[in-house]
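Single-letter residue listing:
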Amino acid sequence: MQHILIVEDEHHLAIGMKYNFEAEGYLVTTVGDGRTALRMVEADPRSIDLIILDIMLPGISGYAVCEAVRQSGNDVPILMLTARTLKEDRLRGWEVGTDQYLQKPFELDELLTIVRNLLGRRNKTAVPPTPDRTELESFSFGQADINFDSYKVTVAGKSLHLTSLEMRLLKYLVEHEGSVVTRGELLLHVWGQPHGPTTRTVDNFMLNLRRYFELDPANPRHFISVRGAGYRFVAKPELEQPPASETPAGE
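Is there a simple way to think about the overall build of the protein in this case?
The helix and strand tally for the protein stands at 8 helices and 13 strands. For the protein, contacts bridging at least 24 residues in sequence account for 56% of all contacts bridging at least 6. Within the structure as shown, the protein displays about 12,900 Å² of accessible surface, and the carbon and sulfur contribution to it stands at 51%.

Encoded structure:
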């Protein structure tokens, strides 16, 4: 039975979610503050399959909880609930490692669909490779060495911390090296929702990757914008000449 941890200080909302998730066959635990949630996750990280996390919590914020979970190396799916509408608030959530956002008030059907998608994606990543299915574990390009299993990243020998969402984006680009991937494709396969964050969010995350890995982020050679289409990852730019439609510095 999959275990959902709900971190929400509005008791009526937490109880309502718990009731509906239990009706769907999930095991549900509710807590009202971030410190209690962190103690639970630290005590038995493998026992929790999904965290539903309110941003405004007593003691420490949902942002701080999410960041602490990610810094411990735990990639459990995290769905953030927020009554805030500012773009800066959403971007902060993506930066600390949330997997999905849902704005209050929300429809129950939408919440259940997002939860099923997040748990389904976690199940797929937990399936061991078969002889017909290989899983990318590590990759090197430029001055970077990446281990996707351990989340260890070094650039020019220096360790670098990426959020789980940044790692998923990087892995998707590496797996599709040389191919043009659209923003819509990235929203669907990396964020897990075709209409979740805005396409501008994809651009902001691409800027992060350029800042981490490019010698000159303003003139990228690995993470290339393709005008009117999307992005293309190039591991060895010295071996090719980009088409005229590609714009290294962005669109």
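Next comes the rest of the description.
What should I look at first to understand the sheet that holds strand β6 (residues 138-141) in this one?
Pairing between sheet strands relies on hydrogen bonds along the backbone, with the strands arranged either parallel or antiparallel. Read across the open sheet, the 4 strands follow the order β6-β7-β8-β9; overall the sheet is antiparallel. Every other strand in the sheet has two partners, leaving β6 and β9 (158-160) as the edge strands with one partner each. With strand direction ignored, the average angle separating the axes of adjacent strands in the sheet is 20 degrees. On the sheet, helix α6 (residues 164-175) packs against β6, β7 (144-147) and β8 (152-155) and is oriented at approximately 105 degrees with respect to β7.

What is the right way to look at the packing of aromatic side chains in this model?
Each aromatic ring pair is summarised here by two numbers: the centre-to-centre distance and the angle between the ring planes. In this structure the tally under the stated criterion is 9 aromatic pairs. Geometrically, the ring pair formed by Phe141 and Phe223 is edge-to-face, given 6.0 Å between the ring centres and 80 degrees between the ring planes. Separated by 82 residues along the polypeptide, Phe141 in strand β6 and Phe223 in strand β11 (residues 223-226) bring together distant segments of the chain. You can call Phe141 buried: its relative accessible area is 4%. Taking relative accessible area as the criterion, Phe223 reaches 1% and is therefore assigned buried. An angle of 90 degrees between the planes, with centres 6.2 Å apart, marks the rings of Tyr212 and Phe213 as edge-to-face. Summarising the burial analysis for this pair, Tyr212 and Phe213 share the class buried. Taken together, Phe139, Phe141, Tyr212, Phe213, Phe223 and Phe233 form an aromatic cluster joined through their ring pairs.

I would appreciate a short explanation of the sheet that holds strand β4 (residues 78-82) in the present structure.
With parallel pairing, the 5 strands of this open sheet are ordered in space as β2-β1-β3-β4-β5. One side of each edge strand has no neighbouring strand; the edge strands of this open sheet are β2 (27-31) and β5 (100-103). Across the sheet, the mean angle from the axis of one strand to that of its neighbour is 20 degrees, orientation sign disregarded. Alignment of β4 against β5, held across 4 bridges, turns out to be parallel. When the sheet's bridge partners are listed, Thr82 is paired in β5 with Gln103. With respect to the sheet, helix α3 (residues 62-71) is in contact with β3 (50-54), β4 and β5, its orientation differing from that of β4 by roughly 170 degrees.

What's the story with the nonpolar core in this structure? I'm lost.
It is characteristic of soluble globular proteins that their nonpolar side chains tend to be buried jointly. Within the largest apolar cluster, 53 residues are counted, with the highest numbers of intra-cluster contacts made by Phe141, Trp191 and Phe213. Broken down by element, this core gets its largest block of residues, 7 residues, from α6. Excluding its chain neighbours within four sequence positions, the residues that come into contact with Phe141 are Ile146, Leu170, Phe213, His222, Phe223, Phe233 and Ala235. If you look at the next biggest cluster of nonpolar residues, it comprises 20 residues, including Val28, Leu79, Leu81 and Phe106.

Would you mind going over helix α1 (residues 11-23) with me for this structure?
An α-helical turn contains 3.6 residues, so a residue and the one three or four places further along point in the same direction. Taking 1.5 Å of rise per residue, 13 residues should cover 18 Å, and α1 covers 18 Å from first to last C-alpha, within 8% of that figure. Considered for burial, the residues of α1 that qualify are Leu13, Ala14, Met17 and Phe21. One side of α1 holds all its buried residues, which, seen down the axis, span an arc of 95 degrees. For α1, the exposed residues set more than 90 degrees away from the buried face come down to His11, His12, Tyr19 and Ala23. Trailing α1 by a residue or two, Gly25 shows a phi angle of about 100 degrees, which is positive.

In this structure, what is going on with the environment of Asn74? I would like to understand it.
Note on placement: Asn74 falls in the loop between α3 and β4. We classify Asn74 as buried; its relative accessible area is 12%. Counting along the chain gives 32 residues from Asn74 to Glu42, while the straight-line C-alpha distance between them is 9.4 Å. Apart from the residues within four sequence positions on either side, Asn74 is in contact with Val41, Pro45 and Val69.

It is not clear to me how unusual backbone geometry should be interpreted in this structure. Could you clarify?
Excluding glycine, most residues fall at negative phi; most peptide bonds, likewise, are trans. Of note, the bond from Lys104 into Pro105 is cis; its omega dihedral lies within 30 degrees of zero at -10 degrees. Its location among the elements puts Pro105 in the loop between β5 and α5 (108-126). Even without a glycine there, the phi angle at Tyr151 is positive, about 65 degrees. Mapped onto the secondary structure, Tyr151 falls in the loop between β7 and β8. Taking relative accessible area as the criterion, Tyr151 reaches 29% and is therefore assigned partly exposed. Positive phi outside glycine occurs at Ala156, with the angle close to 55 degrees.

Basis of the calculations
- Each chain carries its own residue numbering, running from 1 in the written order of its sequence.
- Residues qualify for local features only when their pLDDT is at least 70, as the model is predicted, and side-chain atom pairs are given and counted only at 80 or more; totals for whole chains, interfaces and linings, by contrast, use all residues.
- With hydrogens and water excluded, all non-hydrogen atoms of the structure serve as input to the side-chain values.
- Only runs of H or I of at least four residues qualify as helices and only runs of E of at least two qualify as strands under DSSP, and these elements are numbered from the N terminus.
- By definition in these notes, contact holds between two residues if any of their heavy atoms fall within 4.5 Å.
- Computed with the Shrake-Rupley method and a 1.4 Å probe, the accessible areas treat only the protein chains shown as cover for residues.
- At least two DSSP bridges between two strands are needed for those strands to be called paired.
- Axes here refer to lines fitted to C-alpha atoms; in helices the fit is confined to the stretch in contact. Angles between the N-to-C directions go from 0 to 180 degrees.
- Any two of the Phe, Tyr and Trp rings considered here, Trp counted by its six-membered ring, make a pair once their centres fall within 6.5 Å; the pair's planes then place it as stacked at under 30 degrees, edge-to-face at over 60, or tilted in between.
- Here the term buried applies to any residue with accessible area under 20% of the maximum for its type, exposed to any over 50%, and partly exposed to those in between, with areas from a 1.4 Å probe on protein chains only.
- Side-chain atoms within 4.5 Å are what join buried Ala, Val, Leu, Ile, Met, Phe, Trp, Tyr and Cys residues into a set we call a nonpolar core.
- How far a helix is expected to stretch is found by multiplying one less than its residue total by 1.5 Å.
- Taking the helix axis as origin, the arc is that swept by the directions to the C-beta atoms.

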